[in-house]
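# What the coordinates show
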Amino acid sequence: MSKKIVILNGSPRKNGNTSALVKSFAEGAESAGHAVTEFFLGGMDIHGCKGCFGGHSGRECPCVQRDDMDKIYPAVKDCDVVVLATPLYYWNMSGQLRTAIDRLFALEEGEGNQLRGNDKASALLMAAEGHGFEDVALYYDHLMEHLRWKNLGKVLCGGVMDAGDIKGRKELEDARELGKSI
């Protein structure tokens, strides 16, 4: 059965190594008949969460702030799979992705939580100069547990600093196969 997949690409480089993982994943998913929507967060106007608890999941625009998250909320509400893609920055996800994840909290506020559970699934795609994925992988696992989303897997590619370093790496095929397996 065809799935709706949303990719939140937290890389600041449109042609970087994380984006190469995203491209491979999307190719695999689309070849399996799934619909893929990618949000390149580095090119969007998304502000940090204000911690105001003023959001409401039942509203068309659940957050009190009006910015490009208004494009992401309906897609996330309506999708089956959310893919988190990011380079490794200081042993964590990029600020672009962390900001979007924080803002998704508005979908949990109010009546009718539209984020947690709901038979959603997720995958994590990461590229890094180094190999210290442990902390962010642990965070991701905790996030999946909190959201009650099925963890479809992780593709973690270390040793790729400059754009293009990922070319020819096994992790590109791993990402493609993960996309096909959905």
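Refer to the preceding data block for the structure.
Presented here is an overview of the structure given in this document.

Criteria and cut-off values
Residues numbered from 1 in each chain as written. Predicted model: local features only at pLDDT ≥ 70, side-chain atom pairs only at ≥ 80, totals over all residues. Heavy atoms only, no water. Helix = DSSP H or I, 4+ residues; strand = E, 2+ residues; numbered from the N terminus. Rg over C-alpha atoms; globule rule 2.2 N^0.38 Å. Buried < 20%, exposed > 50% of the residue type's maximum accessible area, 1.4 Å probe, protein only. Contact = heavy atoms within 4.5 Å. Areas by Shrake-Rupley, 256 points an atom, 1.4 Å probe, with all protein chains shown as cover. Lys, Arg positive; Asp, Glu negative; His and termini not counted. Charge placed at Lys NZ, Arg CZ, Asp CG, Glu CD. Pairing = 2+ DSSP bridges. Phe/Tyr/Trp six-rings, centres within 6.5 Å; stacked < 30°, edge-to-face > 60°.

### Observations concerning the overall build of the protein
Assigned secondary structure in the protein consists of five helices and five strands. Listing every helix and strand of the protein by position from the N terminus yields β-α-β-α-β-α-β-α-β-α. Taking 2.2 N^0.38 as the reference for a compact globule, 182 residues should give roughly 16 Å; the C-alpha atoms of the protein span a radius of gyration of 16 Å, in line with that estimate. Considering only C-alpha atoms, the protein reaches an extent of 45 × 35 × 25 Å along its principal axes. Taken across its 182 residues, the protein has 48% of its residues classed as buried. Considering only contacts within the protein whose residues lie at least 6 apart along the sequence, 77% involve residues at least 24 apart. For the protein, the exposed area adds up to about 8800 Å²; of that, 50% sits on carbon and sulfur atoms. Considering the protein, the positive charge centre built from 22 side chains and the negative charge centre built from 26 side chains are found 3 Å apart.

### Quick look at the pairing of strand β3 (residues 81-87)
The element β3 is largely enclosed, with a buried count of seven among its seven residues. Of the two faces of β3, the one carrying Val 81, Val 83, Ala 85 and Pro 87 and the one carrying Val 82, Leu 84 and Thr 86 are both buried. As judged from the five bridges shared by strand β1 (residues 4-9) and β3, these two strands associate in the parallel manner. Paired with Val 6 across the strands is Val 82, a residue of β3. As judged from the seven bridges shared by β3 and strand β4 (residues 121-127), these two strands associate in the parallel manner.

### What to know about the packing of aromatic side chains
By the definition in use, this model includes two aromatic pairs. Plain terms: the ring middles of Phe 53 and Phe 105 are 6.1 Å apart, the flat faces sit at 85° to each other, and that makes the pair edge-to-face. Of this pair, Phe 53 sits in the loop between β2 (35-40) and α2 (69-78) while Phe 105 sits in the loop between α3 (95-103) and β4, and the two are 52 residues apart along the sequence. Ring centres of Tyr 90 and Trp 91 lie 6.0 Å apart, and the angle between their planes is 65°; on these two criteria the pair is classed as edge-to-face. On the basis of relative accessible area, Tyr 90 is assigned to the exposed category, the value being 76%. Assessed through its relative accessible area of 54%, Trp 91 is described here as exposed.

That is the geometry; function is a separate question.
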